[in-house]
Amino acid sequence: MLDLHCHLLPTIDDGAKDLETSIKMLAIAQKNNTKAIVATPHVIEGEQFPAWEQIVESCHLLKQEGRKFGLEIPIYPGGEVAIHRDILDLVKGPGPYCINSGRYMLVELPAMEIPGFTEDFFFSLQARGITPILAHPERHPVLAKDPEIIVEWIRRGVLTQVNGASIIGRMGERPMKMTELLLSRNMVHCIGSDAHSDRHRNPDLTKAAEKIVALIGLEKARQVLTSNSQKIIDSQDVEIFEIQQPHKKAGIFQKLLNKIGM
Ligand SMILES: [Fe+2]
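Caption draft 1: Examining the coordination of the iron ion more closely. Donor atoms from the polypeptide that bind the iron ion are His5 (NE2), His7 (NE2), Glu80 (OE) and Asp194 (OD), placed at 2.1 to 2.2 Å. Considering all four donor atoms around the iron ion, the spread of angles at the metal, 84 to 174°, places the coordination shape in the irregular class. If you list the donors of the iron ion from N- to C-terminus, the spacing comes out as H-x1-H-x72-E-x113-D. With a gap of 114 residues between them, Glu80 in strand β5 (residues 80–82) and Asp194 in the loop between β9 (190–192) and α9 (206–233) connect regions that are remote in the sequence. Judged by relative accessible area, which is 4%, Asp194 ranks as buried.

Right under this line is the structure:
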């Protein structure tokens, strides 16, 4: 599998606190069968704005260091870009702050709200030839209440990435239920660990991968875990499955009929 969201680079954001931690994270990923990692440090206008060249150089240096420890996993540059109008002045097209300098960008919403300019932001990126990938929508309280918002965004070309920790319930019941819903409705396009260290939030995706296979079957799981992610890294088109309608809950009358065997 491939990890499209990981705070792996040392000292650049609130992820790996030093090079030793980055190496430990790489070792965990390699041991647990992760075949490539996209390094996605936070890119937040006015707060944390690493230069693109710094991210690229840090990936390069970490790869070199990793090889000294037998760690050969490819590391691609990227960013977790917090939506902000001013980003659009900087991003003119595929390249900087996009995954592997290509045409996909991992985009994050504020934790508790959906700003009024969110759709404008998405569509402005698309007009520049960049496909937004929404980071961990399963964690967002507004989207959890109304997943149809995500349906509409996907129909307009936005992709989604969910977190391994959410899938296996490590972030609580609500994000887990939300990932199950999104997976069952074909609304997940790739996954990431969103790892920040070698400890609690680490890059091991094994259990998440097992659960995804159990939930949606091997063929679709391959798309989500590997082939879509590789296409994103390579700036190719991702295969999109038709979004399924939600299962309707049985009403009181239906439950009564079921109870009496009708
Ligand atoms: Fe993240």
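Continuing now.
Caption draft 2: Main features of the sheet that holds β9. The parallel open sheet is built from six strands, whose spatial order is β3-β5-β6-β7-β8-β9. Of all the strands in the sheet, the pair left with one neighbour each is β3 (42–43) and β9. Relative to β9, strand β8 (residues 159–163) runs parallel, the two sharing three bridges. Bridge pairing in β9 places Asn163 opposite Gly192.

Caption draft 3: Geometry of the pattern of salt bridges. Applying the stated criterion across every chain yields a total of 12 salt bridges. Residue Arg156 pairs with Glu152 through a salt bridge whose shortest N-O separation is 3.1 Å. Taking relative accessible area as the criterion, Arg156 reaches 42% and is therefore assigned partly exposed. The salt bridge partner of Glu180 is Lys177, with a shortest N-O separation of 3.8 Å. Note that Glu180 and Lys177 are positioned in helix α8 (residues 173–184) at a spacing of three residues, about one turn of the helix. Several salt bridges converge on common partners, so that one network encompasses Glu173, Lys177, Glu180 and Lys211.

Caption draft 4: Seen up close, the packing of aromatic side chains. Counted by the stated rule, this structure contains three aromatic pairs. Geometrically, the ring pair formed by Trp52 and Tyr97 is tilted, given 5.4 Å between the ring centres and 55° between the ring planes. Highlighted residues: Trp52 in helix α2 (residues 52–68) and Tyr97 in the loop between α3 (87–90) and β6 (104–108), separated in sequence by 45 residues. Tyr97 matches Trp52 in its accessibility class, with the two residues each being buried. Where Phe122 meets Trp153, the ring centres are 5.1 Å apart and the plane angle is 80°; that geometry is what we call edge-to-face. Remark: Trp153 occurs in helix α6 (residues 148–155) and Phe122 occurs in helix α4 (residues 118–127); sequence separation between them is 31 residues.

Caption draft 5: Representation of the nonpolar core. Leu8, Leu26, Met105, Phe121, Leu125, Ile191 and Ile212 are the most contacted members of the largest nonpolar core, which has 60 residues in total. Filtering out sequence-adjacent residues up to four positions away, Met105 remains in contact with Val81, Val91, Pro96, Tyr97, Cys98, Leu125, Ile130, Thr131, Pro132 and Ile133. Grouped together as the second largest cluster of nonpolar side chains are 14 residues, Leu2, Leu106, Cys190 and Ile232 included.

Caption draft 6: Examining the sheet that holds strand β4 (residues 75–77) more closely. Ordered by their spatial adjacency, three strands build an open sheet running β1-β2-β4, and the pairing between neighbours is parallel. Across the chains shown, the open sheet's two edge strands, defined by having one partner strand only, are β1 (2–6) and β4. Across this sheet, the average inter-strand angle for adjacent strands is 25°, counted without regard to direction. With three bridges joining them, β1 and strand β2 (residues 36–39) adopt parallel strand pairing. Bridge pairing links Asp3 to Ile37 in β2. Contacting β2 and β4, α2 runs over the sheet at an angle of about 175° to β4.

Caption draft 7: The packing of helix α1 (residues 19–31) against α2, seen in detail. In contact at an axis separation of 10 Å, α1 and α2 are set at 70° when each is read in the N-to-C sense. By the angle between their axes, α1 is roughly perpendicular relative to α2. Relative to α2, α1 is oriented so that their crossing is right-handed. Across from Leu19, Ser22, Ile23 and Leu26 in α1, the residues of α2 making contact are Leu62, Glu65 and Gly66. Here the contact of α1 with α2 is built from residues that sort into four nonpolar, two polar and one charged.

About the cut-offs
- Throughout, a residue's number is its position along its own chain's written sequence, starting from 1.
- Under the rules for a predicted model, residues below a pLDDT of 70 receive no local features and side-chain atom pairs below 80 are neither given nor counted, while totals for whole chains, interfaces and linings still include all residues.
- Values reported for side chains reflect all heavy atoms of the structure, with hydrogen atoms and water molecules removed beforehand.
- Note that water is not among the atoms used; donors are N, O and S atoms within 2.8 Å of the metal (3.2 Å for Na, K and Ca), so sites may look incomplete.
- Sites are called tetrahedral only when four donors show all angles between 85 and 135 degrees, square planar or octahedral only when four or six donors show opposite pairs over 155 degrees and all other angles between 65 and 115, and irregular in any remaining case.
- Strands are runs of DSSP state E lasting at least 2 residues, helices are runs of H or I lasting at least 4, and numbering of each runs from the N terminus.
- When accessible area is computed with a 1.4 Å probe and restricted to protein chains, residues below 20% of their type maximum are described as buried, those above 50% as exposed, and intermediate ones as partly exposed.
- Here, strands pair whenever DSSP counts at least two bridges between them.
- Any carboxyl oxygen of Asp or Glu that lies within 4 Å of a side-chain nitrogen of Lys or Arg is treated as forming a salt bridge with it.
- Stacked, edge-to-face and tilted are the three classes for Phe, Tyr and Trp ring pairs, Trp counted by its six-membered ring, which pair at centre distances within 6.5 Å; planes under 30 degrees apart are stacked, over 60 edge-to-face, the rest tilted.
- Nonpolar core, defined: a set of buried Ala, Val, Leu, Ile, Met, Phe, Trp, Tyr and Cys residues in which side-chain atoms within 4.5 Å join the residues together.
- Whether two residues touch is decided by their heavy atoms; if any such pair falls within 4.5 Å, the residues are in contact.
- Lines fitted to C-alpha atoms define the axes, with helix axes restricted to the stretch in contact, and inter-axis angles between N-to-C directions lie between 0 and 180 degrees.
- Angle categories are assigned with fixed cut-offs, so that under 35 degrees is roughly parallel, over 145 is roughly antiparallel, 65 to 115 is roughly perpendicular, and the rest are oblique.
- Here a crossing is taken to be left-handed if its near helix is turned anticlockwise relative to the far helix by less than a right angle, and right-handed if that turn runs clockwise.
- We call Asp, Glu, Lys and Arg charged. Ala, Val, Leu, Ile, Met, Phe, Trp, Tyr, Cys and Pro are nonpolar, and the rest, Gly among them, are polar.

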